[in-house]
Amino acid sequence: MKASSQRRLEVAMPWLVIAGILIVWQGAVMLFGIQPFVLPSPTAILNAFFEHRAPIIQHASFTLMNTMIGFALGILFGVVLGVVIGSYRLIYVGLYPVLIGFNSIPKVAVVPILVLWLGIGQPTAIATAFLLSFFPIAVNVATGLATVEPELEDVLRSLGATKRDLLFKVGLPRAMPYFFASLKVSITLAFIGAVIAETIASNDGIGYLMLQASSQFRIPLMFAGVIVIALMGIATYLVFAYIERRMTGWATRGRNLQAAGG
Amino acid sequence: MNEFVKLEDVALRYGGPDGTLALDGTSMSIAKGQFAAVVGPSGCGKSSLMKLVTGLNPPSAGAVSVAGEKVEGPLKIVGMAFQNPTLLPWRPLLSNVMLPLEIVEPHRRRFRSHAAEYTARARNLLRMVGLDEFENKHPWMLSGGMQQRANLCRSLIHEPELLMLDEPFGALDAFTREELWSILQSIWMTRQFTTILVTHDLREATYLADVIFVMSARPGRVIATHEVDLPRPRTIETTFDPKFIEIVHTIRNEIAQIRNEGKAAAQDLKVA
């Protein structure tokens, strides 16, 4: 069947692309004799990973923990903020410029300030992950709430629905697809936040490991660190993409389901 | 006449004292159990009328009363349906239809304890509009006409005494629309709730209504009232009845005249 082979190709495509990149990379390094301290080959990176797997895993799990704690705080704060700015026009109008301004600040610039307040190490990494991750969540939840049809609001308000009814029966369920979509974006941002903070001000974590490797010219180890971050990013993204599909199938209109005629 | 809905010299202005005057000096009265239609050129404040009668907007002048009481806030005895079906996409049809019961008192309090009774009520309504097989389907799996039928069920589930319809069939194709006229008429004939239908379709108004109010261009005002004393149940055959055609023609002429006057006024304004 043509359709099923198309589908199989779709599933295989990401792996084919990754394999392709690795082959070209390995080939280029070998062909042009590129020195490992400029660009190590994938096999050299793999070797470095196995050689140093204990510290890599230890630092990576530290980063993962910081990311997750920061991300969890980001979800909490982001949802509350999103509900508030999505429900109250005045607060939305008042806060919007401040939020835009805040979001335009490169978070690298904030890390030294956080160090001043929270010291070097875990709290700063968590705070940076939090600061990067809450914004998309808040904006998306607010957007979801703001897109409730005015007619539906009229129908329910004429029945005596309170603001709370509208929020729980209509607003929040409507915002769910936006919320889960924002989780996928935010989790990767949380990783970036945690690694930035660790690079600047930490004695643990994958960011610190890479900085150390860089100062000792152990370039394959550095690349191993980068790859590990990417893998963790992809893994967490997939987890949230899966949760999104499970929770809000109605929003993607269940592409596999058939519509009834009539 | 037993007046159920009464508007006395009502005006509605949006956006402060210098805002747009949507309605001005509108008076109408509708008897209990009557089916009223409101027609007029676009922008004549038909939808504003809906908001006034349901208590979503207070009038800027005049008085609105429903069931003998002055309307001062949202009315719980009202069911509403709009052109956009606005069903909740995450809920299957049955629980979509039951949504008002989760909100309006006293059903809200009894919702959990009387779940079986309410479910039966919703199923019964779905059967009346021919959707009983689809109660577990999600709205996006249904056609526009089916969604609009479910919307009608939702507006009737709490057994409102007053049904407000704002161009409910406006986005449907002609065949589906005529099918829904007949469904709505048969539900109305069994339940006898008072209905106000806002529409721009004159055939729809004449098919469904006992009384038709023709409104002028903005600011809206009732300029003519037509009683439609065609026998019920009306069918598509009725729409070819000379009497039916005559009513539609009369109203069409009235509205054409309003539109021409509006254009002439705009011309005068340009010249002056």
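Residue positions are given per chain, counting from 1 as you read along its sequence in written order. Lettering of chains starts at A and numbering of ligands starts at 1, both following the order in which they are written. Where totals are concerned, whole chains, interfaces and linings use all residues; where local detail is concerned, this predicted model gives features only for residues with pLDDT of at least 70, and gives and counts side-chain atom pairs only at 80 or more. The side-chain figures draw on all heavy atoms in the structure; neither hydrogens nor water molecules are used.

Caption draft 1: Examining the overall build of chain A more closely. A run of H or I in DSSP becomes a helix once it reaches four residues, and a run of E becomes a strand once it reaches two; helices and strands are each numbered from the N terminus. Check the secondary structure of chain A and you find ten helices and zero strands. For chain A, the α and β elements follow one another from N to C terminus as α-α-α-α-α-α-α-α-α-α. Rg of the C-alpha trace for chain A: 23 Å, well past the compact-globule value of 18 Å for 262 residues, more than 25% over. Dimensions of chain A along its principal axes, counting C-alpha atoms only, are 75 × 65 × 30 Å. The cut-offs for exposure are 20% and 50% of the maximum accessible area for each residue type, with area from a 1.4 Å probe on protein chains only; residues under the lower value are buried, those over the upper are exposed, and the others partly exposed. The burial tally for chain A puts 40% of its 262 residues in the buried class. Two residues form a contact once any of their heavy atoms are found within 4.5 Å. For chain A, restricting intrachain contacts to residue pairs at least 6 apart in sequence, the fraction spanning at least 24 positions comes to 76%. Only the protein chains shown count as cover for residues, with accessible areas throughout obtained via the Shrake-Rupley method and a probe of 1.4 Å. Surface accessibility of chain A: about 14,500 Å² in total, with carbon and sulfur atoms responsible for 71%. Charge counting follows a simple rule: Lys and Arg are positive, Asp and Glu are negative, and His as well as the terminal groups are ignored. Note on charges: their place is set at NZ of Lys, CZ of Arg, CG of Asp or CD of Glu. Computed over 17 positive and 10 negative side-chain charges, the inter-centroid distance for chain A is 6 Å. Radius of gyration here is computed from C-alpha atoms only, and the compact-globule reference equals 2.2 Å multiplied by the residue count raised to the power 0.38.

Caption draft 2: Representation of the pairing of strand β6 (residues 78-82) of chain B. All names here are of chain B. Within β6, five of the five residues are buried, which leaves it mostly tucked inside the rest of the structure. Here β6 shows no split at all, with Val-78, Met-80 and Phe-82 on one side and Gly-79 and Ala-81 on the other all buried. At least two bridges found by DSSP between two strands is the condition for calling them paired. Relative to strand β7 (residues 162-166), β6 runs parallel, the two being bridged by five bridges. Across the sheet, the residue bridging to Met-80 is Met-164, located in β7.

Caption draft 3: Focus on the interface of chain B and chain A. Listed per partner, the contact involves 30 residues of chain B and 25 residues of chain A. Here the quantity called buried area is the accessible surface, traced with a 1.4 Å probe, that two parts lose on coming together, added over both. Summing the contributions of chain B and of chain A, the shared interface buries around 2,500 Å²; its carbon and sulfur component is 68%. Of all residues in chain B, the largest losses of buried area upon contact with chain A belong to Trp90(B), Ile103(B) and Trp140(B), amounting jointly to 28% of the total for that side. Salt bridges are counted wherever a side-chain nitrogen of Lys or Arg sits within 4 Å of a carboxyl oxygen of Asp or Glu. Across the contact surface, chain B and chain A share three salt bridges. Breaking the side of chain B that touches chain A down by element, the ones donating at least two residues are β6 and α5 (144-156) of chain B. If you tally residues by element for the side of chain B that touches chain A, the top one is β6(B), at three residues.

Caption draft 4: Structural context of the pattern of salt bridges. In the structure shown here, the tally under the stated rule is 17 salt bridges over all chains. Across the salt bridge formed by Arg177(B) and Asp201(B), the nearest N and O atoms sit 3.3 Å from each other. In this pair, Arg177(B) sits in helix α6 (residues 174-191) while Asp201(B) sits in the loop between β8 (194-198) and α7 (202-208), placing the two residues 24 residues apart along the sequence. Each member of the pair, Arg177(B) together with Asp201(B), is buried. In this structure, a network of salt bridges that share partners links the residues Asp154(A), Arg157(A) and Lys51(B).

Caption draft 5: Seen up close, the confidence of the model for chain B. Residue and element names in this part refer to chain B. A residue's pLDDT is the predictor's confidence in that residue, given on a scale from 0 to 100. Of all residues in chain B, 97% attain a pLDDT of 70 or more, and the chain-wide mean is 86. The weakest mean pLDDT in chain B belongs to helix α3 (residues 107-110) at 81; the strongest belongs to β8 at 93. For this predicted complex, the interface confidence reaches an ipTM of 0.75, while the overall pTM sits at 0.78.

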